[in-house]
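Each chain, letter by letter, is given below.
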Amino acid sequence: MIMASNHRLIVIPPPLQGHMTPMLQLATILYSKGFSITVVHTKFNSPDPTNHPDFTFVPFHDGLPNSYTVSSKNFIHISSHLNTNCVTPLKEVLVRIIKEEKISCVIYDGLMHFIDSVARELNLPTILFRTTCATNYLSYHWLSMLQRNGYLPLQDFSMEMVEGLEPLRFKDLPIFNLGESATDIMVKQVTESFSVKPSLGVIFNTIEFLESSSLQKLRKLYKVGVFSIGPLHMCMASSETQEKNNNCSTSLMKEDYSCITWLNEQEPCSVLYVSLGSIASWEEKELIEVAYGLTNSEQRFLWVIRPETIESIPEEVKSATRKKGRIVTWAPQREVLAHRAVGGFWSHCGWNSTLESMCFGVPMMCQPCFGDQRVNARLVSNVWKVGIECSEMRIKRDEVEGAVRRMMVSEEGKLMREKAVLMKDKIKISVRDNDALNGIVHAIVMSSSNSSAQHNNHNSS
Ligand SMILES: O=c1ccn([C@@H]2O[C@H](COP(=O)(O)OP(=O)(O)O[C@H]3O[C@H](CO)[C@@H](O)[C@H](O)[C@H]3O)[C@@H](O)[C@H]2O)c(=O)[nH]1
């Protein structure tokens, strides 16, 4: 087995929870293989260094005000802002680091594709890290072809299959319904992100057996290695580092652990966990319908409503939910999903939540909000069959009540829970047998040795 002591990696996560978490998990796994880790990050939404005492943290100036909040309305603008304005500040930070120590590789997220050219200019090897599933990335590739041929913005949201991307239908394509200007920016970004040329490889937080066909297609598109080493939170849990450092929370918000005490008092598989992740949210009118739908279903529920949204729920609605449910502003999600009391997850199908739910054997009520969530929802409900498709459900109390009952107390829901447990076991085996991590370590260490050899030859000639 190759170990990588004396090699330093720079990892650069975007300031968004769904991207920060898997990047820090990947860093923790690579640390367990002997690499030293420097996290270069924005000041906005920065990670908490005390959770990772073995890493070095270096901020760069991003120009985003700290009062800014992450929401579906502005996250595309955040990424666009970083790609446009952070070339110089990042370069300055990297130049400073290189003066002190040799860097073996820069690992960057595709959302901040500007990093690729900065690293190339400084002759630093790179790995591109994608935090969505491989099938989503493949469909982005398809969208960028449509863009080149003048078919966007896409008008077709039909149930028809997209040729070459089956079983995705037009309605499952990763479009953002955020108004024309945001759609334009998104498509521009997606197209630009395809121009990056990482020198050492591309990493996906996914599982080979779930997405083998998409991964094979991607392997034909890229000239470098395509590695699938997910689910990262599971790989991290089995890495040696976890034993040494059990406080590697990646949460940007404080988790409310009181909900675990509440879950301890509930019957097995009796609680529906409800969360739309860190960006999507329901509008005020919808929140009220969800509150009544959940309450009328007579099922127990644990509902995450982020601090910026909770203010808009009237007190009478909150008190109605208290009979059967519990509301928190941020949960320790993995502990929640691992809890025996949880029997279903009403999810927006963000990729991290999807993987976490499947790893803990919890079936999903799939209600995607935007982007890759549509792709994930389709895979979960139609291909992996561990979730109920709710993408057509209107947020009306009677429809919500019906869907919650379908998930929690119907025969279909019971069967889905059984399938979810089988999926959990298959994932465990795949993590145990996956050696993609060794491939990544090998690629970095070899590239670094080759460049040192070239350097020495150059000096001696
Ligand atoms: O109360 C909560 C709610 C969420 N989480 C965690 O927050 C993360 C949320 O990630 P994800 O489920 O992927 O959702 P988003 O935050 O919406 O992630 C963004 O980034 C993902 C990765 O690219 C995409 O798949 C999503 O569509 C995009 O919205 C997960 O690890 C959760 O465990 C908590 O810890 N506590």
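Above this text sits the structure in question.
Note on pairing: side chains with opposite charge can pair once their charged atoms come close. Here the structure, examined in full by the defined rule, presents 18 salt bridges. Across the pair R397 and E289 runs a salt bridge whose closest N-O atoms are separated by 3.0 Å. You can see R397 sitting in helix α17 (residues 397-409) and its partner E289 sitting in helix α11 (residues 284-296), a full 108 residues away along the chain. The class of R397 is partly exposed, set by a relative accessible area of 32%. With relative accessibility at 17%, the residue E289 sits in the buried group. Between K318 and E315 there is a salt bridge, with the nearest N and O atoms lying 4.0 Å from each other. Taken as a pair, K318 and E315 lie in helix α13 (residues 315-321) at a separation of 3 residues, close to a single helical turn. With relative accessibility at 46%, the residue E315 sits in the partly exposed group. Each member of the salt-bridge network shares a partner with another, and the members are R169, K171, D172, R378, E389 and E392.

Turning our attention to the nonpolar core. Counting 155 residues, the largest nonpolar core has I37, I107, L272, W303 and W346 as its most contacted members. Looking at this core element by element, the count peaks at 8 residues for helix α1 (residues 17-32).

Our next topic: the pairing of strand β2 (residues 36-42). By the criterion of burial, β2 is predominantly enclosed, with 6 of the 7 residues buried. The pairing of strand β1 (residues 8-12) with β2 spans 4 bridges and is parallel. For I10, the partnering residue across the bridge sits in β2 and is T38. Handedness of the crossover is the feature at issue here: the chain leaves β1, passes through α1, returns alongside β2, and the resulting connection is right-handed.

The subject of this paragraph is α1. Its 16 residues give α1 an end-to-end C-alpha distance of 23 Å, which sits within 8% of 22 Å, the value for a rise of 1.5 Å per residue. The buried fraction of α1 is high, at 15 of 16 residues. Of the residues one or two after α1, G34 is the one with positive phi, at around 110°.

This paragraph deals with empty space enclosed by the protein. This model, assessed by the stated rule, comprises 2 cavities of 30 Å³ or more. For the largest cavity, the calculated volume is near 110 Å³. Taken together, S275, L276, G277, A280, S281, W282, L287, W303, V304, I305, R306 and T309 make up the full set of residues lining the largest cavity. Partitioned by chemical class, the residues of the lining of the largest cavity number 7 nonpolar, 4 polar and 1 charged. Quantified by volume, the second largest cavity comes out at close to 50 Å³. In terms of lining residues, the second largest cavity is bounded by T21, Q25, N205, P231, L232, H233, N352, L355 and E356. Contributions of two or more residues to the lining of the second largest cavity are made by α1, α8 (232-237) and α15 (351-359).

Another point: the pairing of strand β4 (residues 103-109). Most of β4 is tucked away, with 7 of its 7 residues classed as buried. Where β4 and strand β5 (residues 126-130) come together, 4 bridges link them in parallel fashion. Bridged to Y108 within β5 is L128. In this fold, β4 hands off to helix α4 (residues 114-121), which returns the chain to β5; that crossover is right-handed.

On to the layout of surface pockets, then. In this model, the second largest pocket occupies a volume close to 830 Å³. Forming the boundary of the second largest pocket are 31 residues, of which S281, E286, P368, C369 and F370 lie nearest the centre. Elements with a minimum of two residues in the lining of the second largest pocket: α12 (307-310) and α16 (372-383). It is α16 that contributes the most residues to the lining of the second largest pocket, 3 residues altogether. A per-class count over the lining of the second largest pocket returns 11 nonpolar, 7 polar and 13 charged.

Every α-helical turn comprises 3.6 residues, leaving residues that sit three or four positions apart pointing alike. For α11, with 13 residues, the first-to-last C-alpha span of 18 Å sits near the 18 Å given by 1.5 Å per residue. Among all positions of α11, only L287, I288, E289, V290, A291, Y292, G293, L294 and T295 are buried. Buried residues along α11 sit against β8 (271-275), β9 (300-304), α12, α13, β11 (342-347) and α17. Following α11 by one or two positions, E298 adopts a phi angle in the positive range, close to 65°.

With respect to the element layout, Q17 can be found in helix α1. Engagement of the side chain of Q17 in a polar contact is seen with the backbone nitrogen of L252, the distance being 2.7 Å. The contacts of Q17, once residues within four sequence positions are left out, are P22, T250, S251, L252, M253, S278 and W330.

Cut-off values and rules
Residues numbered from 1 in each chain as written. Predicted model: local features only at pLDDT ≥ 70, side-chain atom pairs only at ≥ 80, totals over all residues. Heavy atoms only, no water. Salt bridge = Lys/Arg side-chain N within 4 Å of Asp/Glu carboxyl O. Helix = DSSP H or I, 4+ residues; strand = E, 2+ residues; numbered from the N terminus. Buried < 20%, exposed > 50% of the residue type's maximum accessible area, 1.4 Å probe, protein only. Core = buried A, V, L, I, M, F, W, Y, C linked by side-chain atoms within 4.5 Å. Pairing = 2+ DSSP bridges. Right-handed = clockwise from strand over helix to strand, strands pointing away. Expected span 1.5 Å × (residues − 1). 1 Å grid on protein atoms, 1.4 Å probe; cavity = no way out; pocket = protein on both sides within 12 Å on 5 of 7 lines; lining within 4 Å. Points joined across faces, edges and corners; volume = space filled by probe spheres on them. Nonpolar A, V, L, I, M, F, W, Y, C, P; charged D, E, K, R; others polar. Contact = heavy atoms within 4.5 Å. Polar contact = N/O pair within 3.5 Å; in protein donor to acceptor, adjacent residues only side chain to side chain.

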